[in-house]
Amino acid sequence: MKYVSTRGSAPVLDFEGVLLAGLAEDGGLYVPQEWPAFSAAELRAMRGLSYVEIAERVMRPFLGSAISDADFARIVRDSYETFDHRAVTPLKQLDSNFWLLELFHGPTLAFKDVALQLLGRLFDHVLTRRGERVTIVGATSGDTGSAAIEACRDRAAIDIFILHPKGRTSEVQRRQMTSVLSSNVHNIALEGTFDDCQDQVKAMFNDPAFRARQNLSAVNSINWARIMAQIIYYIAAGVALGAPDRRIAFSVPTGNFGNVYAAYAAKQTGLPVEKLIVGSNRNDILTRFFRSGEMKIEGVEPSLSPSMDIQVSSNFERLLFDLLDRDGALVADTMKGFRAAGSFKVGDNQLGRASALFAAHRIDDTETKAVIRAVHGETGEILDPHTAVGVGAGRAISLDPDIAVVALACAHPAKFPDAVEAATGIRPALPPRLADLFEREERVAVLPNDLATVQDYISEKTGRKEAV
Ligand SMILES: *Cc1c(COP(=O)(O)O)cnc(C)c1O
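Okay, so let's go over this structure. (Residues numbered from 1 in each chain as written. Predicted model: local features only at pLDDT ≥ 70, side-chain atom pairs only at ≥ 80, totals over all residues. Heavy atoms only, no water.)

The next point concerns the environment of Ser9. Inspection of the secondary structure puts Ser9 in the loop between strand 1 (3-5) and helix 1 (15-21). Judged by its relative accessible area of 60%, Ser9 falls in the exposed class. In the structure, Ser9 is positioned 15 residues away from Ala24 in sequence and 9.0 Å away in space, judged by C-alpha atoms. (Helix = DSSP H or I, 4+ residues; strand = E, 2+ residues; numbered from the N terminus. Buried < 20%, exposed > 50% of the residue type's maximum accessible area, 1.4 Å probe, protein only.)

Structure, rendered in structure tokens:
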């Protein structure tokens, strides 16, 4: 399997190359040169298989010869053993033709675990074989740091440093990061804001000597391997509900467009998908795009679903590449114009093709709370605010009644207890695996907002110091 960049001028790479590269050299995102295809018979044969078995079958063609079958089987098994539900991503029925696909049974209670648990192990495996070691640095406002830490903890070829703004994350978010005591995990509470944390990380990547000495890397949200790992649960859910002999739609609460793009990828590999519903919160750039064909940046405002508070959706470029008939030069031009002008518009032809598969709907904070309240009243299920956006959008778009609608449940409600309590009066409890979170020992270094101090700290911990 070969991968090409959406901007057309970076080298064509194999799986191992795209795994380690993340972003392509030309600023584009890697996508498969050709989609592997699963026949209807192959999909039917996946019914009743375990998640791990489906994962192996679905991902195998994307890997090429990068990793042996036996190694890959072990990596997949280990990745999903960390989930506390035997089905890994179970389906739950909410209505006669409406399901939730629960993606939050991993170590940090959010759907990022599904891809990151695999990505951390794939990274470690490939690096170990090459005799390399990387230093991963990242900034978090609280939501994604813990998923990256859980993915990299105890991996021999990785040191991970996560910067969070001191005192500005919730206590649950902080403790999910700082209570991981593995020797390769380093939490830094920076005396500053989230923007300061991001600036520090950017500055480290922009310091060529430091970057080379530490062999800096990132577990990027645009890494192809993350998309690949997310294709599995669409296929697993589809075949469980009767695909390819049943019509299915997915409703996806969307931020960076990674998750819903994986649904699009599942369709390209052969899963029949009737509709992909993109749920936006008040930051509705994508809903506006699917209505008008114009992608236009506006400011970001905080909402009840912070993981979807985005200005631009980086993974959208992968869909744009296909809408522009895989013309990398045209994508590069379009993205350059987007950067400069803050907007771009696709033609009627492209918008028509996009709208044949995608629909989009915006659910604001008031509606989000109303959905949480309504679903709780109707079914007893408690949704987190991100999930509520997907469920609300899924209910708002009308489809043929025989189409099964699957809404993606992207976080456990206990991750966002304030919004859930405001909607239902119930404060959701942490699941058993995190019940003792508030008693766990924490380890964190408090550092001033000063680049040299942070770099010295990292050098000290990795033992990769400047030659004197
Ligand atoms: C990351 C995240 C999203 C958005 O997913 P994208 O792949 O960025 O579109 C939605 N909900 C939750 C809980 C998330 O963590």
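So, on to the nonpolar core. Formed by 113 residues in total, the largest nonpolar core has its most connected members in Phe15, Ile235 and Phe250. With 13 residues, helix 10 (residues 224-240) is the single largest residue contributor to this core. With residues up to four places along the chain from it excluded, the contact list for Phe15 reads Met1, Tyr3, Phe62, Leu63, Ala66, Ile67, Leu122, Trp224, Ala225 and Met228. With 16 residues, the next largest nonpolar core counts Leu190, Phe205, Ala445 and Val454 among its residues. (Core = buried A, V, L, I, M, F, W, Y, C linked by side-chain atoms within 4.5 Å. Contact = heavy atoms within 4.5 Å.)

A word on the site of the ligand. Around the ligand lies a shell of 14 residues, among which Lys112, Gly255, Asn256, Phe257 and Asn259 are the nearest. Here an oxygen atom of the ligand and a backbone polar atom of Gly255 are 2.8 Å apart. The backbone of Phe257 places a nitrogen or oxygen atom 3.0 Å from an oxygen atom of the ligand. (Near = heavy atom within 4 Å. Polar contact = N/O pair within 3.5 Å; in protein donor to acceptor, adjacent residues only side chain to side chain.)

The residue Ser79 is located in helix 4 (residues 69-81) in this model. Ser79 gets classed as buried once you look at its relative accessible area, which sits at 0%. Among the polar contacts made by the side chain of Ser79, one reaches the main-chain carbonyl oxygen of Ile75 at a distance of 2.7 Å.

For the rest of this paragraph, the subject is unusual backbone geometry. Backbone torsion omega between Ala243 and Pro244 reads 5 degrees, so that peptide bond is classified as cis. If you trace the backbone, Pro244 turns up in the loop between helix 10 and strand 9 (248-253). Of note in the backbone geometry, Phe257 takes a positive phi value of approximately 75 degrees without being a glycine. A positive phi angle, near 60 degrees, is found at Arg326, a position not held by glycine. Position of Arg326 among the secondary structure elements: in the loop between helix 13 (316-323) and helix 14 (328-341). Among the residues examined, Arg326 registers a relative accessible area of 28% and is labelled partly exposed.

Read from one edge to the other, the open sheet built from five strands follows the order 8-5-6-7-15, with strand pairing classed as parallel. The sheet terminates laterally at strand 8 (216-217) and strand 15 (445-448), the two strands that pair on one side only. Note that strand 5 (residues 134-139) and strand 6 (residues 158-165) share six bridges and pair parallel. Bridge pairing in strand 6 places Val134 opposite Ile158. (Pairing = 2+ DSSP bridges.)

The subject of this paragraph is the pattern of salt bridges. Inspection of every chain in the model, using the stated rule, returns 33 salt bridges. With its nearest N and O atoms 2.6 Å apart, the salt bridge here joins Asp245 to Arg47. Of this pair, Asp245 sits in the loop between helix 10 and strand 9 while Arg47 sits in the loop between helix 2 (40-44) and helix 3 (51-63), placing them 198 residues apart in sequence. Taking relative accessible area as the criterion, Arg47 reaches 35% and is therefore assigned partly exposed. The partner of Glu442 in a salt bridge is Arg174, and the shortest N-O contact between them spans 2.8 Å. A residue pair is termed long-range when its members are at least 10 positions apart, and Glu442 in the loop between helix 18 (417-424) and strand 15 and Arg174 in helix 7 (residues 171-178) qualify at 268 residues. In this structure Arg174 comes out as partly exposed when scored by relative accessible area, which is 27%. When salt bridges with common partners are traced through the structure, they connect Glu16, Arg129, Arg130 and Glu132 into a single cluster. (Salt bridge = Lys/Arg side-chain N within 4 Å of Asp/Glu carboxyl O.)

Right, let's talk about the packing of helix 5 (residues 112-130) against helix 10 for a bit. As a packed pair, helix 5 and helix 10 sit with axes 9 Å apart at the nearest point and diverge in direction by 130 degrees. With respect to helix 10, the axis of helix 5 lies oblique. For helix 5 against helix 10, the interelement crossing comes out right-handed. Only Ala225, Arg226, Met228, Ala229, Gln230 and Tyr233 of helix 10 make contact with helix 5, whose side of the interface consists of Lys112, Val114, Ala115, Leu116, Leu118, Leu119 and Leu122. Per-class residue counts for the contact of helix 5 with helix 10 are 10 nonpolar, one polar and two charged. (Axes fitted to C-alpha atoms, helices over the stretch in contact; angles between N-to-C directions. Parallel < 35°, antiparallel > 145°, perpendicular 65-115°, else oblique. Left-handed = near helix turned anticlockwise from the far one by under 90°. Nonpolar A, V, L, I, M, F, W, Y, C, P; charged D, E, K, R; others polar.)

A few words on the sheet that holds strand 10 (residues 275-280). Pairing in this open sheet of six strands is mixed, and the strands run 3-4-14-9-10-13 from one edge to the other. Two strands lie at the open edges of the sheet, namely strand 3 (91-95) and strand 13 (358-362), each paired on one side alone. Across the sheet, the axes of successive neighbouring strands diverge by a mean angle of 25 degrees, strand direction being ignored. Note that strand 9 and strand 10 share five bridges and pair parallel. Pairing of Ala249 across the sheet is with Lys275, part of strand 10. Taken strand by strand, helix 15 (residues 348-357) contacts strand 10 and strand 13, and its axis lies near 80 degrees from that of strand 13. With respect to the sheet, helix 17 (residues 385-396) is in contact with strand 4 (98-102), strand 9, strand 10, strand 13 and strand 14 (404-409), its orientation differing from that of strand 9 by roughly 140 degrees.

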